Amino acid sequence: MLTTVILAAGKGTRMKSRLPKVLHQIAGRSMLGHVLAATGDLGSDASLLVVGPGMDEVSAHAKGVRPDLVTVIQENQLGTGDAVRAAAAQIPSGDGVVLVVFGDTPLVRTETLADMVARCRDESDIVILGFEAADPTGYGRIVTAGANVLRIVEHKDASEEERAIRLCFGGPMAIRAAHLASLLAKLRNDNAQGEFYLTDVVAHGRAVGLSCSAVLCPESDIQGVNSRADLASAEAVMQKRLRAAAMAGGVTFLDPDTVYLSHDTVFGEDVTVGQNVVFAPGCRIARGATIKAFSHLEGAEIGEGAEIGPFARIRPGSSIGRKARIGNFVETKKAKIEDGAKVNHLSYIGDARVGEGANVGAGTITCNYDGFNKFFTDIGAGAFIGSNSSLVAPVTIGDGAYIGSGSVVTRNVSPDALAVARGKQFEKPGWASSFRSKNAAAKKSSGD
Ligand code: UD1
Ligand code: CA
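Structural notes, computed from the coordinates. These figures come from a predicted structure and were not determined experimentally. (Residues numbered from 1 in each chain as written. Chains lettered and ligands numbered in written order. Predicted model: local features only at pLDDT ≥ 70, side-chain atom pairs only at ≥ 80, totals over all residues. Heavy atoms only, no water.)

### Some thoughts on the nonpolar core
One finds Phe-267, Val-273, Phe-279, Ile-285, Ile-302, Ile-337 and Ile-397 to be the most contacted residues of the largest nonpolar core, which totals 56 residues. The biggest single contributor to this core is helix α8 (residues 228–248), with 6 residues. A domain split of this core shows at least three residues from each of domain 1 (2–222) and domain 2 (228–419). In this structure Phe-267 touches Ala-246, Val-251, Phe-253, Leu-261, Val-273, Phe-279 and Ile-285, once residues within four positions along its chain are discounted. (Core = buried A, V, L, I, M, F, W, Y, C linked by side-chain atoms within 4.5 Å. Buried < 20%, exposed > 50% of the residue type's maximum accessible area, 1.4 Å probe, protein only. Helix = DSSP H or I, 4+ residues; strand = E, 2+ residues; numbered from the N terminus. Domains from an automatic or database assignment. Contact = heavy atoms within 4.5 Å.)

And the structure:
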């Protein structure tokens, strides 16, 4: 029996934000979302989320990710120990393990947590997660004797000597369920912060002869997020991780440090990504596609061998077909660009289909919005849209049709027809020179 308790009731005041701390994002997913993902694979029998009063946004978000989650309200934010107490009534006692995880450590890995749970089941009554901090300021320090953990002392309560300890508590703690209630009952708030610390469970456990040990992980797997600077630092770690995974899967990054990925970006093999490319959430890039420099993609499917950019903006609902080509300064939104179609320069294609092999000339715009509603533009296979055309939706361009450059197309065009919808060109021979000489003479006589 495994019960997971995620603590997210803290006010997060150090973030200086109206948004609850755990909803701040790392790689396009909330910190809480990352923690839910890491704990989701543990096979917990029950999962509890502790939130503060009025944090409905957090509970709703969490339930959206994990509908089976039970939310518990911690009435007053009296500390991490008090938060677990708030959940205690919902935690089955007996011979299982209770795993407490903080909502503000988004980098924690499932393997590490699984290791802790296994160790708690088999060896120690209490297992904590520790790491060597480059700068331990602010973290709880782990006081050890050999392999045994004696206690955790919070930074604000630590002596000079204890502050020199670099082994810190990362947040996750596994406790045998049978001991939980009696340990929580022992917590007192006579400390520097006047809080009920979860970390005191260790010393109380030792005092009654329970064993406590630590599983260790790198700092980059457990660093906590308390401020915007911490958030940026966690983002950087996550980006490194995502880039490494993509490269291991067969993606070439021309300059990895300048490419930004989301937690859910999916790449096929032999994708090449140029410099300064951003993948916002919801992108799948198929095998052999090339995403050139300075492109931004979100909620998009890119087909095999397609070429995107440089400087392309691929917005949600875009699906780019095999070997299709989207060039510079092109924006697509809710657009299906079918196999081999080309939109190479300076276009906006929104709420549209561009049929297989069609060619959309430079500066073509789908006029999809009248200020109230969105309308669809359908461009048939093999159609050719002359440069600088405006396609006023709803409108259909038949397969193989031609649109003369500079047209404003307001009516459907039949397959294989030519449509030209622009002012007719006319010419007056010699007009310019007579215009100039007339004006030059007038200027001279007025003496200006
Ligand atoms: C805590 C630990 C510290 C550890 C660090 C790791 C305690 C007392 N200290 O410190 O040893 O090194 O995390 O990052 O546990 N929370 C509640 N209710 C509360 C208070 C907090 O749910 O009343 C939640 C917060 O939302 C947060 C987590 O518990 O997700 C940790 O709280 P926080 O105040 O950030 O603790 P730290 O000071 O970082
Ligand atoms: Ca914290």
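### Comments concerning helix α1 (residues 31–40)
With 8 of 10 residues buried, α1 lies mostly within the body of the structure. Those residues of α1 not exposed but buried are Met-31, Leu-32, Gly-33, His-34, Val-35, Leu-36, Ala-38 and Thr-39.

### Overview of the sheet that holds strand β30 (residues 384–385)
Reading across the sheet, the 10 strands line up as β12-β14-β17-β20-β23-β25-β27-β30-β33-β35 and stay open at both edges, with parallel pairing between neighbours. The open sheet has two edge strands with one neighbour each: β12 (251–253) and β35 (418–419). Inspection of the sheet shows strand β27 (residues 359–360) paired to β30 by 2 bridges, in the parallel sense. Residue Asn-359 lies in a different strand from β30, and its bridge partner there is Phe-384. (Pairing = 2+ DSSP bridges.)

### So, the coordination of the calcium ion (ligand 2)
Looking at the calcium ion (ligand 2), the protein donor atoms are Asp-104 (OD) and Asn-226 (OD1), and they sit 2.3 to 2.5 Å from it. Placement of Asp-104 in the loop between β6 (97–102) and α4 (110–122) and of Asn-226 in the loop between β11 (212–216) and α8 is noted, with a sequence separation of 122 residues between them. We note that Asp-104, like Asn-226, is buried. (Donors = N, O, S within 2.8 Å, 3.2 Å for Na, K, Ca; no water.)

### Re the packing of α1 against helix α2 (residues 56–65)
Running from N to C, α1 and α2 point in directions that differ by 40°, and their axes come no closer than 10 Å. With respect to α2, the axis of α1 lies oblique. α2 is crossed by α1, and the crossing has right-handed handedness. Across from Leu-32, Gly-33 and Leu-36 in α1, the residues of α2 making contact are Val-58, His-61, Ala-62 and Val-65. In the contact of α1 with α2, the residues fall into 5 nonpolar, 2 polar and no charged. (Axes fitted to C-alpha atoms, helices over the stretch in contact; angles between N-to-C directions. Parallel < 35°, antiparallel > 145°, perpendicular 65-115°, else oblique. Left-handed = near helix turned anticlockwise from the far one by under 90°. Nonpolar A, V, L, I, M, F, W, Y, C, P; charged D, E, K, R; others polar.)

### Brief notes about the site of ligand 1
Close to ligand 1 lie 23 residues, the nearest being Gly-10, Gln-74, Thr-80, Glu-154 and Phe-169. In the model, an oxygen atom of ligand 1 is placed 3.0 Å from a nitrogen or oxygen of the Leu-7 main chain. Residue Gly-140 places a main-chain N or O atom 2.9 Å away from an oxygen atom belonging to ligand 1. With respect to the pocket detection grid, ligand 1 is positioned in the largest pocket. Of all elements in the fold, only α3 (80–88) and β10 (167–176) reach the threshold of two or more residues within the shell around ligand 1. Residues belonging to the shell around ligand 1 are distributed by class as follows: 9 nonpolar, 10 polar and 4 charged. (Near = heavy atom within 4 Å. Polar contact = N/O pair within 3.5 Å; in protein donor to acceptor, adjacent residues only side chain to side chain. 1 Å grid on protein atoms, 1.4 Å probe; cavity = no way out; pocket = protein on both sides within 12 Å on 5 of 7 lines; lining within 4 Å. Sits in = over half its atoms within 2 Å of the grid points.)

### Comments concerning the layout of surface pockets
Empty space within the largest pocket amounts to approximately 1,300 Å³. For the largest pocket, the lining is made up of 44 residues, of which Arg-14, Lys-21, Thr-80, Asp-104 and Asn-226 are closest to its centre. Mapped by element, the contributors of at least two residues to the lining of the largest pocket are α3, β10 and α8. When residues in the lining of the largest pocket are grouped by element, the largest group, 3 residues, is from β10. Taken together, the residues that form the lining of the largest pocket break down as 13 nonpolar, 21 polar and 10 charged. Along the walls of the second largest pocket sit 24 residues, with Arg-29, Met-238, Arg-241, Leu-242 and His-263 positioned nearest its centre. When residues of the lining of the second largest pocket are traced back to their parent elements, those giving at least two are α1, α4 and α8. A total of 5 residues in the lining of the second largest pocket trace back to one element, the largest contributor, which is α8. Partitioned by chemical class, the residues of the lining of the second largest pocket number 12 nonpolar, 7 polar and 5 charged. Counting contributing residues per domain, the lining of the second largest pocket is built from domain 1 (2–222) and domain 2 (228–419), each supplying no fewer than three. (Points joined across faces, edges and corners; volume = space filled by probe spheres on them.)

### Quick notes on the pairing of β10
In terms of residue burial, β10 counts as a mostly covered element, since 9 of its 10 residues are buried. Here β6 runs beside β10; their pairing, made up of 4 bridges, is antiparallel. Following the sheet pairing, Val-100 is matched in β10 by Met-173. Both strand β7 (residues 126–132) and β10 contribute to a ladder of 6 bridges, which runs antiparallel. Paired with Ile-126 across the strands is Ile-175, a residue of β10.

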